[in-house]
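# Analysis of the macromolecular model
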Amino acid sequence: MALQDPPSASKCVVITGASGLLGRAVSQTFSSAGWRTVGLAFSRAHLHPNLVKLDITDKVAFENLIQREKPDVIVHCAAEKDPDAAASKPEETKRLNVDATQDLAECARRHGIFLIYISTDYVFDGESPPYKEDAVPHPLNKYGESKLAGEQAVLEVNPDGAAVLRISVLYGAVEKLSESAITVLFEKVQDPSKPAVISNYERRYPTHAKDIAAGILVLAEARLKSDAVKGIYHHSTAECLTKYEMVRQMAAVLGPSWTLNHIKADSEKPTSGAARPFDAQLSCERLQQLGAPPCVSFADGIREVLLPFARSQLTGFFC
């Protein structure tokens with residue numbers, strides 16, 4: 001059964017990857033704005049009974065759903081997002097990030113549905129920030145290559161009826177700390193008995209999933225008013241932090257019981273795992289011109305996100 005607004009809702013959105021961190025935020029944001037939301041999930045659908053279980057690599061099943069729901073907009077959040085997994089499983093990554101994306105774009109074009117494809121700042125090499133929407137991509141890893149190939153498929157298939165939205169690394173209301181590359185860092189803060197080393201090298205722009213969802217809603221509603229809304233957009237916080245700086249802020253906003261004496265900063269370039277861009281800051285002018293709201297500060301956003309996990313460890317510390 002789909003997560004839906006009341007039947008009177010006049011606008012409908014289909015969201016792929018709706019069980020994920022961003023997909024959940026998008027579903028909530030659109031639903032709160034009066035849209036009828038149809039959320040899709042597959043491997044984690046059993047954890048979210050309000051979502052439709054559907055494998056988006058099955059284009060016949062997806063076509064049938066689109067014919068039934070008749071959405072105004074499709075927000076394509078589903079993807080293999082882990083750069084290391086993308087490197088180790090290139091065929092599976094291509095099937096989801098590229099092939100399924102092309103099928104969705106073709107389906108959207110046939111039915112005249114606006115498609116918003118969620119991409120990444122990892123399409124850039126991080127050598128010449130900030131990157132405007134028309135900057136030439138140069139991905140450093142298989143994940144970035146697959147997302148760039150997805151972008152190209154979307155814009156080639158449906159150049160007048162689709163938008164690519166590149167975003168930066170996300171955090172938000174996670175179901176578990178490991179769900180986000182940002183919140184997973186808090187696991188190292190939680191256990192002072194285990195010495196840890198955290199990168200203080202690459203520059204990141206940690207953005208709350210709710211802020212990205214708000215930008216996606218702005219993009220969707222702007223398209224309903226004007227066919228000129230299409231092409232490439234960016235959305236991200238402008239706040240720049242290394243992983244080590246994020247951890248310092250986590251400890252600072254959660255109170256004096258959280259110390260970092262067991263954590264050391266590593267300012268050297270990482271030598272393991274898939275290559276990451278050094279600084280892939282996104283210039284977000286196009287979406288800001290449409291009215292995208294500003295992003296929450298990392299200190300405020302991460303405190304809200306981590307409090308439930310901190311409380312479970314320090315019962316009674318927070319009032």
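This text follows the structure it describes.
Residues numbered from 1 in each chain as written. Predicted model: local features only at pLDDT ≥ 70, side-chain atom pairs only at ≥ 80, totals over all residues. Heavy atoms only, no water.

## Considerations on the sheet that holds strand β1 (residues 12-16)
Strand order in this open sheet of 7 strands is β3-β2-β1-β4-β5-β6-β10, and the pairing throughout is parallel. Where the open sheet ends on each side, the last strands, each with one partner, are β3 (52-53) and β10 (231-235). Judged from the 4 bridges that link them, β1 and strand β2 (residues 36-41) form a sheet pairing that is parallel. Following the sheet pairing, Cys12 is matched in β2 by Arg36. The strands that helix α1 (residues 21-32) touches are β1, β2, β4 (73-76), β5 (114-120) and β6 (162-167); relative to β1, the one it contacts most, it runs at about 170°. (Pairing = 2+ DSSP bridges. Helix = DSSP H or I, 4+ residues; strand = E, 2+ residues; numbered from the N terminus. Contact = heavy atoms within 4.5 Å. Axes fitted to C-alpha atoms, helices over the stretch in contact; angles between N-to-C directions.)

## Notes on the nonpolar core
Leu22, Val75, Ile116, Phe186 and Ile216 are the most contacted members of the largest nonpolar core, which has 60 residues in total. Setting aside chain neighbours within four positions, we find Leu22 in contact with Cys77, Ile118, Ile167, Leu170, Ala209, Ile212, Ala213 and Ile216. With 25 residues, the next largest nonpolar core counts Ile66, Ala105, Ile113 and Ile232 among its residues. (Core = buried A, V, L, I, M, F, W, Y, C linked by side-chain atoms within 4.5 Å. Buried < 20%, exposed > 50% of the residue type's maximum accessible area, 1.4 Å probe, protein only.)

## Considering the packing of aromatic side chains
Scanning the model with the defined rule gives 6 aromatic pairs in all. Ring geometry for Phe186 and Trp258: centres 5.2 Å apart, planes at 55°, overall tilted. Placement of Phe186 in helix α6 (residues 186-190) and of Trp258 in the loop between α8 (243-254) and β11 (263-266) is noted, with a sequence separation of 72 residues between them. For Phe186, a relative accessible area of 0% puts it in the buried group. Between Tyr201 and Phe278, the aromatic rings sit 5.0 Å apart at their centres with planes inclined by 55°, giving tilted as the arrangement. Residue Tyr201 is found in the loop between β8 (196-199) and β9 (207-208), and its partner Phe278 is found in the loop between β11 and α9 (285-290); the two are separated by 77 residues along the sequence. (Phe/Tyr/Trp six-rings, centres within 6.5 Å; stacked < 30°, edge-to-face > 60°.)

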